[in-house]
Amino acid sequence: MTEHVVDTADTQAVQPPTPQPDPWQRLRHPPFTVKNLLSDLLAITSVLGLAWKFDLITPYLYLFLAAYALMTGYWFWRFRRVAGKDQVHLVRALARNGRRLVAVLYTLVGLYTLLRFHQAAERAAIMIGWGVLGWLIIRPLVTEGARTEKLMMRSFTIGSSILVAWTIASLAYDPVSFWISPRQNRAPNPTLFEEREQLRQAEAPDVTIAVALSGGGYRAAAIHTGVLKALEAHRIPIHYLSTVSGGSIIGSYYAMGHTPQDFAELLSRKKPGLPNDLFHLWNLLGALVVPGRSDSDTYARHFAHHYFGDTRLNQIKTPTLLVNVTDYVSGEREVFSSDPASGTADVRLADAVAASGAFPGAFEPKQVGDRHYMDGGVVENLGLEGLRKFLLSDREPAKPDILIVSDASKGDKDVDPGGKQFRFQLLKEASSASYQALHLHLYRIYTDTSYHPENEHSLVQPYFQHHSHIFGIIGSHHDYLFVFVLNGTSLAERRHMERRGEEAQAKGFLPEDGSVINRHTAATVANIATLSELTRTQVIQGVWVGETIATKYAGAIRCTLQHLRRAKLEKHTIDPEKVRTDCGTDPLM
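First things first, this report covers the structure right here in the doc. These numbers come from a predicted model, not from an experiment. (Residues numbered from 1 in each chain as written. Predicted model: local features only at pLDDT ≥ 70, side-chain atom pairs only at ≥ 80, totals over all residues. Heavy atoms only, no water.)

1. A word on the overall build of the chain
Looking only at helices and strands, the chain has 21 helices and nine strands in total. Within the chain, buried positions represent 49% of all 589 residues. Counted over contacts in the chain with a minimum sequence separation of 6, partners at least 24 positions apart contribute 76%. When the accessible surface of the chain is summed, it comes to about 28,400 Å², and 59% of that surface belongs to carbon and sulfur atoms. (Helix = DSSP H or I, 4+ residues; strand = E, 2+ residues; numbered from the N terminus. Buried < 20%, exposed > 50% of the residue type's maximum accessible area, 1.4 Å probe, protein only. Contact = heavy atoms within 4.5 Å. Areas by Shrake-Rupley, 256 points an atom, 1.4 Å probe, with all protein chains shown as cover.)

Given below as structure tokens:
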């Protein structure tokens, strides 16, 4: 039998070649699917939820999310229009752009980090470390190849959508900002200066009254608005107005010659919209990577735009304004004063208020001149130390006879001591505890240990303290400072505020707004977050709290004022116990 021999060379010649896997074959499947579209819409919903949680729902955010949704729809439509090799080419083109975008963002993050270090050795170490990190981690991610094409493509579609939406929102926001953000007269009012001077001459020509407005964001600003409104209604003139943080907003606006009613209307109309300015593309990028610019500069421009314009402290006449700030380097209390001899009277009001409210962590220190300043509440949040520093200056201004402290600090705890807490929440509460301890110490000094914010039986006001205990001097005709503490959100005043709330609700207070005032209003206002901008209802409630607590003590303030006028006119020493007996308020009224 003949053996059949197969020529292997001929066999190999006729066999078809083994197909090689196409590295781009997986890109022929739709790279942008309905699943991607739904994930982007879910991300938009999540952003809205977080914005609502942190009170960041603003027109600017709506513009941004609407533009982002349109961009997401555009990419979905763009990929549906192409198929096969055209789709592969599109993915590869977008992937190349994605690599460029990742490189730009990585460079910007490195620049942001580099600018936060100031020593040459530190900067050199950051540059070397950042370069090594990019080579080891970022470079493999952006290396060209099928494995990373879809990742880079999605990076570009998402990143470009964010940048385009951000740009559209920034460009669209500016033309409509006149409608979105409230505006008011931003120039000083000389007519009101004259009226206040006439009131001072008529009611207290020889008695000096100082008012301190505490910090506490717009919550404090609304409460202080009510306090100033009540003092004006009872014809109580103000000579010195010492302000901190949120108190500096209303205090400075009032000192410009505007009424508390003007400010309340300004806040009630629409929210000021600070997040819109902070998240604006040009402002945020400038604050992050441009040397010499910070978010506190945006803060100052916001105040100039909405409240103060280019007004300077030397344009303020009555009362003398004292804006409390903290020196960033030394940590000491500093004061921007409208007193012409203070050396700070040429400072722009918007810059002073921004420095007074530059809360650490939320804002960078504000540069004014060649120095940097941060929130005045870092030292103390009542404005008393700034007032004391001004009064003890070489200029020797007239010492106050009456001191009215409007305390709108947040006193109630938000933390359940038995539960788990976020670290930043615990840090915030630790800071709040330090504030409260310092405030109690100051109250012990200024009220001779008589006042405590949690003891309603300590509310027989006025309190009094010897001038020498506070200022180290003796007055010419008398040597006592009479002190009133107005704190409508404190536990000590809770019963009084609940009764007044029930009365206001029964009378139909502002019926067009519904039942916005009730027995729980003071507690509601006390729990408004310090960094929140207020709704119209919250403004009404805050102003009511301030006006109600100031009205409670207005009669005692007027009575004390008359006793002091009589003592100075007759040139006899005043008896503080008699003043307290004649003028003192019932703590449970």
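2. Some words on the nonpolar core
What tends to happen in soluble globular proteins is that the nonpolar side chains get buried as a cluster. Counting 107 residues, the largest nonpolar core has Phe303, Tyr307, Phe308, Phe336 and Leu403 as its most contacted members. Every residue in contact with phenylalanine 308, bar those within four places of it in the chain, is listed here: Arg186, Ile249, Ser252, Tyr253, Met256, Phe303, Leu349, Ala350 and Val353. Grouped together as the second largest cluster of nonpolar side chains are 13 residues, Ile44, Ala51, Tyr68 and Tyr173 included. (Core = buried A, V, L, I, M, F, W, Y, C linked by side-chain atoms within 4.5 Å.)

3. Quick word on a nonpolar patch on the surface
Taken together, Ile128, Val132, Leu133, Trp135, Leu136 and Ile137 make up a surface patch of nonpolar side chains, about 620 Å² in accessible area. Within the element layout of this structure, leucine 133 appears in helix H5 (residues 120-142). Relative accessible area serves as the criterion here: at 33%, leucine 133 is assigned to the partly exposed category. (Patch = residues over 30% accessible without salt bridge, like charges linked within 9 Å, V, L, I, M, F, W, Y side chains within 5 Å. Salt bridge = Lys/Arg side-chain N within 4 Å of Asp/Glu carboxyl O.)

4. Overview of the state of the cysteines
Taken as a whole and assessed by the stated rule, the structure comprises one disulfide. Covalently, cysteine 559 is tied to cysteine 583 through a disulfide, its sulfur atoms 2.0 Å apart. In this structure, the disulfide formed by cysteine 559 and cysteine 583 twists by about -65 degrees around the S-S bond and is classed as left-handed. Remark: cysteine 583 occurs in helix H21 (residues 576-583) and cysteine 559 occurs in helix H20 (residues 536-570); sequence separation between them is 24 residues. Here cysteine 559 falls in the partly exposed class, since its relative accessible area comes to 22%. Looking at cysteine 583, the relative accessible area reads 5%, which means it is buried. (Disulfide = S-S within 2.5 Å.)

5. Comments concerning the packing of aromatic side chains
One pass over the full model with this rule turns up 19 aromatic pairs. With centroids separated by 4.1 Å and ring planes inclined at 5 degrees, the aromatic side chains of tyrosine 299 and phenylalanine 363 adopt a geometry described as stacked. With a gap of 64 residues between them, tyrosine 299 in helix H13 (residues 295-308) and phenylalanine 363 in the loop between helix H14 (349-356) and strand E5 (366-368) connect regions that are remote in the sequence. Here tyrosine 299 matches phenylalanine 363 in class, with each residue buried. A cation sits over an aromatic face here: arginine 196 above tyrosine 254, 3.7 Å from the ring centre. (Phe/Tyr/Trp six-rings, centres within 6.5 Å; stacked < 30°, edge-to-face > 60°. Lys NZ or Arg CZ within 6 Å of the ring centre and 35° of its normal.)

6. Looking at the packing of helix H8 (residues 217-233) against helix H10 (residues 260-269)
For the pair H8 and H10, the least separation of the axes is 9 Å and the interaxial angle reads 150 degrees. Between H8 and H10, the interaxial angle falls into the category roughly antiparallel. Crossing handedness for the pair H8 and H10: left-handed. Contacts from Tyr218, Ala221, Thr225, Leu228, Lys229 and Glu232 of H8 reach H10 at Pro260, Gln261, Phe263, Ala264 and Leu267. The residue makeup of the contact of H8 with H10, split by class, is seven nonpolar, two polar and two charged. (Axes fitted to C-alpha atoms, helices over the stretch in contact; angles between N-to-C directions. Parallel < 35°, antiparallel > 145°, perpendicular 65-115°, else oblique. Left-handed = near helix turned anticlockwise from the far one by under 90°. Nonpolar A, V, L, I, M, F, W, Y, C, P; charged D, E, K, R; others polar.)

So, to be careful, I would describe these as geometric facts and stop short of saying anything about function.
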